[in-house]
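What follows is each chain in one-letter form.
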Amino acid sequence: MTSTASAPSRAILLAVAAIFCFGLMDVTVKAVSPITGTLPALWARYAGQMLIVLVLVAPRLKSVAHSKYPKLQIARSILLMLATFFFFQALGRIGLAEATAVMSLNPVLITLGGALFLGEALGPRRIGAILVALCGAMIVIQPGTDVFQPAALLPLIAAFCFASYTLITRRVGPDEDVWTSLFYTGLVGSVILSGVVPFYMPPLSVQAIVLLALIGLFGTIGQLMLIRALSQAEAGLLAPFNYTGLVFAVLWGLVLFDERPDTATLIGALVIAGAGIYVWHRETRAG
């Protein structure tokens, strides 16, 4: 592997690892939501991130809190909070794999948005990979089935919010400290939600406290890796790999929630994985 290929390769690995962590977070949310409700889980996501970031950057908090793009940082943080809120709501209403499948439309939005607003290349390989992965998602979703109920609009809205967040993150990424972006994401979400969550927080068991803590941990690690990935590669290159979240969702749904995927889901997951592997091979290897 050449030195010119190492940067996109690292970015892709970071992006997939981030999606894996977000998958663990979603699994934890699905497990704790029946106990606590959605808002406490959402609060734990951002309050946990804020606490971890403050501990890690305490010696240089002043410099981390300084942003070259404060308005964009606030906008991206609000968009991510909304994306998380709508997706967490969906997890309480439809299956993990189904919610992730609808949410997986966001790579199309990211790639198109990157070309329209960031001037990123939109070559035939990227277009092809997106279309193939989208076909895989459609195989899983199976239009006309019960997935297309009103609740399916929740992850769709989340996809639009997350795509917008990703594009802004890509815009500020090369010029902004990773920890600054992470700081603002946790700050905005935790401040807003801390004013609301006391009215919705039930008495917590030890199990619920542990699960809420894990939500903050998984979310923070995933967020850090995603920001680093977007600082090293274009959003359009990384977009197809968002579909790996669907593969993870199918596996977690089967192992933890006994949500057994049908043949169409398995075929769609293989198509999605194949598209991602193809782009990785073409973009990270010479020739």
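Higher on the page you've got the structure.
All values reported here derive from a predicted model rather than from experimental measurement. One numbering rule holds for all chains: residues counted from 1, following each sequence as written. Confidence filtering applies because this is a predicted model: local features only for residues at pLDDT of at least 70, side-chain atom pairs given and counted only at 80 or more, and all residues used for totals across whole chains, interfaces and linings. Side-chain measures here rest on the full set of heavy atoms in the structure, leaving out hydrogens and waters.

**Student:** Help me understand the pattern of salt bridges, please; the structure alone is not making it clear to me.
**Tutor:** Close approach of charged atoms lets side chains of opposite charge pair. A side-chain nitrogen of Lys or Arg and a carboxyl oxygen of Asp or Glu constitute a salt bridge if their distance falls within 4 Å. Tallied over the entire structure, the rule returns 1 salt bridge. Taking the shortest distance from any N to any O, the salt bridge between Arg-60 and Asp-177 comes out at 3.1 Å. Here Arg-60 is found in the loop between α2 (38–57) and α3 (61–65), whereas its partner Asp-177 is found in the loop between α8 (153–172) and α9 (178–194), with 117 residues between them in sequence. Categorising residues by exposure relies on relative accessible area from a 1.4 Å probe, with only protein chains included: less than 20% of the type maximum marks a residue as buried, more than 50% marks it as exposed, and the intermediate range marks it as partly exposed. Taking the relative accessible area as the measure of exposure, Arg-60 reaches 35% and is therefore partly exposed. Under the DSSP-based scheme used, a helix requires at least four consecutive residues in state H or I and a strand at least two consecutive residues in state E, with every element numbered from the N terminus.

**Student:** Would you explain the side chain of Gln-89 in this entry?
**Tutor:** In this structure, Gln-89 sits in helix α4 (residues 70–91). Note on Gln-89: relative accessible area 16%, which makes it buried. There is a polar contact of 2.7 Å between the side chain of Gln-89 and the side chain of Arg-93. Should any heavy atoms of two residues lie within 4.5 Å, those residues are considered in contact. If we ignore the near neighbours within four places in the chain, the residues touching Gln-89 are Thr-38 and Leu-154. As used in this structure description, the phrase polar contact means that two N or O atoms lie within 3.5 Å; if the pair is within protein, one of them must be able to donate a hydrogen and the other to accept it, and residues adjacent in sequence are counted only when both atoms belong to side chains.

**Student:** What should I look at first to understand the packing of aromatic side chains in this one?
**Tutor:** Remark: the centre distance and the inter-plane angle together describe each pair of aromatic rings, the angle taken between the planes. Note on aromatic contacts: the rings of Phe and Tyr and the six-membered ring of Trp form a pair at centre separations within 6.5 Å, being stacked when their planes are under 30 degrees apart, edge-to-face when over 60 apart, and tilted otherwise. By the definition in use, this model includes 5 aromatic pairs. Geometrically, the ring pair formed by Phe-20 and Phe-248 is edge-to-face, given 5.3 Å between the ring centres and 80° between the ring planes. Here Phe-20, found in helix α1 (residues 3–36), pairs with Phe-248, found in helix α12 (residues 244–257); they are 228 residues apart in sequence, far enough to count as distant. The exposure class assigned to Phe-248 is buried, which follows from its relative accessible area of 17%. With a centroid separation of 5.7 Å and 85° between ring planes, the pair formed by Phe-183 and Tyr-184 is classed as edge-to-face. Of the residues examined, Phe-183 reaches a relative accessible area of 9% and is grouped as buried. An aromatic cluster is built from Phe-20, Phe-248 and Trp-252, whose rings are joined through pairwise contacts. Seen from the ring of Tyr-46, Arg-45 lies directly overhead, with NZ or CZ sitting 4.7 Å from the centre. In this scheme, Lys NZ or Arg CZ marks a charge over a ring once it lies within 6 Å of the ring centre and within 35 degrees of the ring normal.

**Student:** Would you mind going over helix α6 (residues 106–117) with me for this structure?
**Tutor:** For an α-helix, 3.6 residues make a turn, and residues three or four places apart therefore share a direction. Relative to the 16 Å expected for 12 residues at 1.5 Å per residue, α6 spans 16 Å between its end C-alpha atoms, a close match to the ideal helical length. Of the residues one or two after α6, Gly-119 is the one with positive phi, at around 70°. To estimate how far a helix should extend, the number of its residues minus one is multiplied by 1.5 Å.

**Student:** For this particular structure, what's the right way to read α8?
**Tutor:** Here α8 spans 29 Å end to end across 20 residues, near enough to the 28 Å set by a 1.5 Å rise per residue. Among the 20 residues of α8, 14 are classified as buried, and the element is accordingly described as predominantly covered.

**Student:** Where do I start with the side chain of Thr-185 in this structure?
**Tutor:** Residue position: Thr-185 is located in helix α9. With a relative accessible area of 0%, Thr-185 lands in the buried category. Filtering out sequence-adjacent residues up to four positions away, Thr-185 remains in contact with Tyr-46, Gln-49, Arg-76, Ser-77, Leu-80 and Gln-223.

**Student:** What is the right way to read the environment of Ala-31 from this model?
**Tutor:** As for its placement among the helices and strands, Ala-31 is situated in helix α1. Along the sequence, Ala-31 and Gly-216 sit 185 residues apart, while their C-alpha atoms lie 14 Å from each other.

**Student:** Got a minute to help me understand empty space enclosed by the protein in this structure?
**Tutor:** If a probe as big as a water molecule is rolled over the atoms, it shows which places are left empty. Here a cavity means grid points, on a 1 Å grid over the protein atoms only, where a 1.4 Å probe fits yet cannot get out; a pocket means an open set of points with protein on both sides within 12 Å along at least five of seven lines; lining residues are those with an atom within 4 Å of a point. Grid points are joined across faces, edges and corners, and a volume is the space filled by probe spheres set on the points. Under the defined criterion, the tally for this structure stands at 1 cavity of 30 Å³ or more. Estimates place the volume of the largest cavity at around 490 Å³. Residue assignment for the lining of the largest cavity shows that the elements contributing at least two residues are α1, α4, α5 (96–103), α6, α8, α10 (206–232), α11 (235–238) and α12. Here the lining of the largest cavity gets 6 residues from one element, more than from any other, and that element is α1.

**Student:** What's the story with the packing of α4 against α5 in this structure? I'm lost.
**Tutor:** A packed helix pair is summarised by two numbers, namely the angle formed by the two axes and the spacing between the axes. With their axes 9 Å apart at the nearest point, α4 and α5 run at an angle of 145° to one another. Pair α4 / α5 crosses with right-handed handedness. Contacts between α4 and α5 involve Phe-87, Ala-90 and Leu-91 from the former and Leu-96, Ala-99, Thr-100 and Met-103 from the latter. Among the residues forming the contact of α4 with α5, the class breakdown is 6 nonpolar, 1 polar and no charged. For helices, the fitted axis covers only the stretch in contact; all axes are lines through C-alpha atoms, and the angles between them, taken along N-to-C directions, range from 0 to 180 degrees. Helix crossings fall into two classes, left-handed where the near helix is turned counterclockwise from the far one by less than a right angle and right-handed where it is turned clockwise. Following the grouping adopted for this structure description, the nonpolar residues are Ala, Val, Leu, Ile, Met, Phe, Trp, Tyr, Cys and Pro, the charged ones are Asp, Glu, Lys and Arg, and the polar ones are all others, Gly among them.

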